[in-house]
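Coordinates in review
Here's the letter readout for the chains.
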Amino acid sequence: MATSPVRALLLVLPLLGAGVAQAASVSYNNTYGPSSVGGPTLNVPLPKFDPALGTLTKVTLTLDANTNAGSMDFDNEAAGSTSVTLKVGASVVATGPGTLAVTAVPLQSNAGVVSGDTDGAPDFVGTDAISVTGGSGFDSDSDMSTAPAVLALFIASFLGETFNTSVDPDIATSLSTSGGFGPINPVPGLTDGLLTVTYEYNAVPEPSTIVLAGMGILGLIVARIRRK
C-alpha cells in the first residue's frame, strides 16, 4: 500500500528535527585589573548560557594572567660565587560556580652570576647581590566540566543573567642557586588579565529550517508517487 504524502511527512519530520541539531559553541570574556598583587579579591562577571540557544553540554573557564612592576632582591652570603635565578609575580586563582577553578602563576624573571659575599651584610647591594625588576610575566590555565549539576549553575534563568568569578592574586616567588644562600626581598607588583567562559551545546534547530526541509522531502515523495 502506498504511503500518503501527509503521512510520509509526519513520519519524517521528527527524525528530521533530530538530525539537524548540531554541536556549537559560544564564548564570552571580561578583563580584570590592573590590581595590586596580594590585594583584595576581585569579582569578575561573565554571561550565563542562554538556554534558547540549545542544550548546554560543556563549560570551560580560562584565565590568562599577567604580572608586572614587581621586584625581588637576593644577597649571596656564601663565600663562593653562584649562579642565581630569581622570579617574582603572582599566583592568581580564579574560582567560578561549582567545581571550576583555575590557577595561573605569571612570574617576572632574572638570572645571572654573583660573586661570593663581599661585605658580610644582607644589604642587597654590590657584586654579591642580584635583582629582578621590570619586565612582565604571563601564564594561562583552563578548567572544564560536563557534569549536569555544574552545567545547571551556568544556565541563565533570565535574559542577560551573569555569574561572578572570584579572582585572588597572591604573591609568588622562586629562587634557585648553584650553591649560594642568602635572604630575598620580594615586593608585590600588579596583575591584570582576561577571563573567558566557553559554552559548548547542541543547537536547537530553527522551526523554519525544519519546515523548509520537510517541504522539500514532501515534494520528493509526491513526485515519486506520481511517477508510480
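Residues numbered from 1 in each chain as written. Predicted model: local features only at pLDDT ≥ 70, side-chain atom pairs only at ≥ 80, totals over all residues. Heavy atoms only, no water.

Details of the sheet that holds strand S8 (residues 129-133)
Strands sit in the order S8-S4-S11 across an open sheet of 3 strands; the sheet is antiparallel. Where the open sheet ends on each side, the last strands, each with one partner, are S8 and strand S11 (184-187). The sheet shows a mean angle of 5° between the axes of neighbouring strands, taken without regard to direction. Note: strand S4 (residues 71-75) against S8, 5 bridges, orientation antiparallel. (Pairing = 2+ DSSP bridges. Helix = DSSP H or I, 4+ residues; strand = E, 2+ residues; numbered from the N terminus. Axes fitted to C-alpha atoms, helices over the stretch in contact; angles between N-to-C directions.)

A few points about the nonpolar core
Counting 27 residues, the largest nonpolar core has Tyr32, Leu63, Phe154, Val167, Leu195 and Tyr199 as the members making the most contacts within it. Where this core is concerned, the elements lending two or more residues are strand S1 (23-36), strand S2 (42-47), strand S3 (54-68), strand S5 (82-95), strand S6 (101-104), helix H2 (148-151), strand S10 (162-177) and strand S12 (190-203). Considering every element that reaches this core, the biggest residue donor is S3, with 5 residues. (Core = buried A, V, L, I, M, F, W, Y, C linked by side-chain atoms within 4.5 Å. Buried < 20%, exposed > 50% of the residue type's maximum accessible area, 1.4 Å probe, protein only.)

Focus: the sheet that holds S3
With antiparallel pairing, the 4 strands of this open sheet are ordered in space as S1-S12-S3-S9. Two strands in the sheet have a free side with no partner beyond their single neighbour: S1 and strand S9 (136-145). Neighbouring strand axes in the sheet, compared pairwise and without regard to direction, differ in orientation by 15° on average. With 10 bridges connecting them, S3 and S9 associate as antiparallel partners. Considered in S9, the bridge of Thr60 is made with Met144.

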